[in-house]
Amino acid sequence: MSEDSEVVLVGGGIMSLTLAAMLKELEPSAHISVYEMLDDVALESSMVWNNAGTGHQALCELNYTPKKEDGSIDISKAVRINQQYELSKEFWAYCVETGILKEPQTFLNPVPHLSFVVDHIVPYLKQRYETLTSSCPLFKNMIYSEDKEQIKQWAPLLLEGRDTNQPIAATYMQEGTDVDFGEIVRQFKEKLSQKDNFNVYVNHKVQNLIKQGNAWLLDVLDTKSGEKKQVKAKFVFLGAGGGSFPLLQKSGIPEGRGYGGFPVGGLWLVCKNRDVIDKHNAKIYGKASIGDPPMSVPHLDTRIIQGKKELLFGPYAGFNTKFLKHGSLLDFPMSVRLSNFLPMFQAGIDNVPLTIYLIKQILMSNKQRMRKLHVFFPDAKLEDWEALFAGQRVQIIKKDSKGRGSLQFGTEVITSSDGSLAALLGASPGASTAADIMLQVLERCFGEEMKSSEWKDKLAEMIPSYKRPLEEKITHFNEWRSKTAQILKMPFCAI
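Residues numbered from 1 in each chain as written. Predicted model: local features only at pLDDT ≥ 70, side-chain atom pairs only at ≥ 80, totals over all residues. Heavy atoms only, no water.

The chain is annotated in an unreviewed UniProt entry as Probable malate:quinone oxidoreductase of Helicobacter cinaedi CCUG 18818 = ATCC BAA-847. Under the heading Pathway (unreviewed entry), UniProt records this for the chain: "Carbohydrate metabolism; tricarboxylic acid cycle; oxaloacetate from (S)-malate (quinone route): step 1/1." As recorded by UniProt, the Cofactor (unreviewed entry) comment attached to the chain reads in full: "FAD". (UniProt positions renumbered as here; feature names shortened; annotations may be inferred.)

Engineer: Requested: an account of the overall build of the chain, with residues and values cited.
Structural biologist: Per the secondary structure count, the chain includes 16 helices and 19 strands. Its C-alpha atoms give the chain a radius of gyration of 22 Å, within 12% of the compact-globule value 23 Å for 495 residues. Here the C-alpha coordinates of the chain stretch approximately 70 × 50 × 45 Å along the principal axes. Here the chain, with 495 residues, has 57% of them falling under the buried criterion. When contacts within the chain are restricted to residue pairs at least 6 apart in sequence, those whose partners lie at least 24 apart make up 72%. In the structure as shown, the chain presents an accessible area of about 20800 Å², 51% of it carried by carbon and sulfur atoms. Both charge centroids of the chain, one from 58 positive and one from 58 negative side chains, sit 4 Å from each other. (Helix = DSSP H or I, 4+ residues; strand = E, 2+ residues; numbered from the N terminus. Rg over C-alpha atoms; globule rule 2.2 N^0.38 Å. Buried < 20%, exposed > 50% of the residue type's maximum accessible area, 1.4 Å probe, protein only. Contact = heavy atoms within 4.5 Å. Areas by Shrake-Rupley, 256 points an atom, 1.4 Å probe, with all protein chains shown as cover. Lys, Arg positive; Asp, Glu negative; His and termini not counted. Charge placed at Lys NZ, Arg CZ, Asp CG, Glu CD.)

Engineer: Tell me about helix H14 (residues 453-462), and please be specific about residues and values.
Structural biologist: Where H14 is concerned, the buried positions are Trp455, Leu459 and Met462. Projected down its long axis, H14 carries its buried residues within an arc of 60°, all on one side. Opposite the buried face of H14, at more than 90 degrees from it, the exposed residues are Glu454 and Asp457. Structurally, H14 contributes buried residues whose contacts are with helix H1 (14-26), helix H2 (76-97), helix H12 (434-445) and helix H13 (447-451). (Arc of directions from axis to C-beta.)

Engineer: Outline helix H9 (residues 338-350), supporting the account with residue identities and numerical values.
Structural biologist: What H9 keeps buried is the set Asn340, Pro343, Met344, Gln346 and Ala347. Projection of H9 onto a plane perpendicular to its axis shows the buried side chains occupying an angular sector of 160°, all on one side. Elements that come into contact with the buried residues of H9 comprise helix H6 (244-251), strand S12 (260-271), helix H8 (331-334), strand S16 (385-399) and strand S17 (405-408).

Engineer: Could you give an account of the side chain of Ser244, with specific residues and numbers?
Structural biologist: Along the chain, Ser244 turns up in helix H6. Judged by its relative accessible area of 0%, Ser244 falls in the buried class. A polar atom in the side chain of Ser244 sits 2.8 Å from the backbone nitrogen of Ala240. The contact partners of Ser244, leaving out residues within four places of it in the chain, are Leu238, Gly239, Leu424 and Leu425. (Polar contact = N/O pair within 3.5 Å; in protein donor to acceptor, adjacent residues only side chain to side chain.)

Engineer: So, the pairing of strand S9 (residues 204-212): which residues are in play, and what are the values?
Structural biologist: Sheet topology note: the S9/strand S10 (residues 215-222) ladder contains eight bridges and is antiparallel. Within the sheet, the bridge partner assigned to Val206 lies in S10 and is Val220. Linking S9 to S10, which pair antiparallel, is a turn of two residues; within it Gly213 sits at a positive phi near 65°. (Pairing = 2+ DSSP bridges.)

Engineer: Explain a negative patch on the surface residue by residue, including any values.
Structural biologist: Among the surface-exposed residues, Glu6, Glu27, Glu449, Glu454 and Asp457 lie close enough to one another that they form a single negatively charged patch. Turning to its location among the elements, Glu6 is positioned in strand S1 (residues 5-10). Relative accessible area serves as the criterion here: at 33%, Glu6 is assigned to the partly exposed category. (Patch = residues over 30% accessible without salt bridge, like charges linked within 9 Å, V, L, I, M, F, W, Y side chains within 5 Å. Salt bridge = Lys/Arg side-chain N within 4 Å of Asp/Glu carboxyl O.)

Engineer: Before we move on, can you summarise the state of the cysteines with the specific residues and values?
Structural biologist: Here the structure, examined in full by the defined rule, presents zero disulfides. For the unlinked cysteine Cys136, the closest cysteine sulfur is that of Cys493, found at 16 Å. (Disulfide = S-S within 2.5 Å.)

Engineer: Tell me about the packing of H2 against H14, and please be specific about residues and values.
Structural biologist: It is at 8 Å that the axes of H2 and H14 come closest, and there the two elements cross at 95°. If you check the angle between H2 and H14, you find them roughly perpendicular. Listed contacts from H14 to Glu90, Phe91 and Tyr94 of H2 are Lys458, Glu461 and Met462. (Axes fitted to C-alpha atoms, helices over the stretch in contact; angles between N-to-C directions. Parallel < 35°, antiparallel > 145°, perpendicular 65-115°, else oblique.)

Engineer: Let's hear about the pattern of salt bridges: which residues, and what values?
Structural biologist: Within this structure, the stated rule accounts for 20 salt bridges. Glu160 serves as the salt-bridge partner of Lys279, at 3.0 Å between the closest nitrogen and oxygen. Of this pair, Lys279 sits in helix H7 (residues 274-279) while Glu160 sits in the loop between helix H4 (148-154) and strand S6 (168-173); the two residues are 119 residues apart in sequence, bridging distant segments of the chain. What makes Lys279 partly exposed here is its relative accessible area of 44%. A residue is classified by how much of its surface remains accessible, and Glu160, at 22% relative accessible area, is partly exposed. Of the charged contacts in the structure, one is a salt bridge between Lys283 and Asp301, with a shortest N-O distance of 2.5 Å. Residue Lys283 is located in strand S13 (residues 283-285), and its partner Asp301 is located in strand S14 (residues 299-305); the two are separated by 18 residues in the primary sequence. The pair formed by Lys283 and Asp301 is uniform in burial state, with each residue classed as buried.

Engineer: Got a sec to walk through the environment of Gly252? Specific residues and values, please.
Structural biologist: Within the element layout of this structure, Gly252 appears in the loop between H6 and S12. Given the relative accessible area of 52%, Gly252 is considered exposed.

Engineer: Please provide a residue-by-residue account of the side chain of Ser115, values included.
Structural biologist: As for its placement among the helices and strands, Ser115 is situated in strand S4 (residues 113-118). The exposure class of Ser115 is buried, given its relative accessible area of 0%. A polar side-chain atom of Ser115 sits 2.8 Å from the main-chain carbonyl oxygen of Cys60. Apart from residues lying up to four places away in sequence, Ser115 is in contact with Leu59, Cys60, Leu62, Leu125, Arg128, Ala169, Ala170, Thr171 and Tyr285.

This is how it looks when you write it as structure tokens:
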């Protein structure tokens, strides 16, 4: 069987399989191949233990609502991410209805989302709450409280062992969710593999790619047999997390020049005490300490993993030179080029505090890590928690508006001028906004098809609020979101 394809997706994570699922619905005859270098799909950043966030909807993440220089709260990013996550939920609901995904509780579960702050940060949280609820109906159902008894009902661990005189505050959103992205990927793989012209090749590493005429030639190594092969494709998507960056460089497309990548590792404290785990049912986000980067936002996180409730706290950042958890220590040094050396050097100079922060994080003992946990759970005991290494992320380094190298904390789609290649770089909010990101890929790389009535009609069926302005989304909030919630068996509060 020939492995040449119309579409080749590099990396078996949530991004590649989401794109595959969309394309197979829009163009059922399309020949699609996925190449994953590990033993199975979803073993890197899409894997539940490696994923920093499992349902970003900007309901509780304080780094999405920064305070501006004039003292007001900027909610634009929160509003945007809330809408992007809704696109993901709409697509999953469509996939459940059509049998592409199984029962929703196998990958999606209701878990309230809370923001929690103490002491001098309390006024900020109140201002954030007032700005969100008064400025955008999407957050109308948010509840704010400084009442300790009310907060105790929401999350009893927050009050256990706490000084009764300490000022605290929390916001509560019942409609929050917990997502197992790895399970979504596995279910996509299982269902799509039953269709004609769809193949997933595990233990296959894409080593190089080059443009030849109207096609891409990819050099692929079967890591089990040692066999080398060359695969031809009209369109290539690099969705391999940190592994996308070196392949983007090898592609040689001008749009990828000048980009650098900065790898950051993660570590969780995982609770071992079932009594403690059973008491807590929430995703609670706090505010990063002064001088700490956005990646350090702490959260006490309930997750449903293979039907079992777990409790994590973190993440604690770390540094090594791998671009993937299963990558090579040579990844970072080998990524330096003449075209990106200056931006990377400038970003390094401008982010000395980040370097110091990472060094401090690496040197921390579990006892020291517990101090940050005690802000959330004062009564936490060291013997109830163990450290678990999470996944790797590669933050983007690129030139800013002033032409100076800058470290970016987000995701970015890079496409070739002819639309034959797309690469996804970056991290948060990542997986939660996979549907929106893959729609961007379709718009840039399948522009003519996206204009056709067939694709437009199908997209309207798959993702009803796609391409709808915010005003229309708010007008149809109760109709569209209630239907999605009903299919996904999620709580829904009308506005």
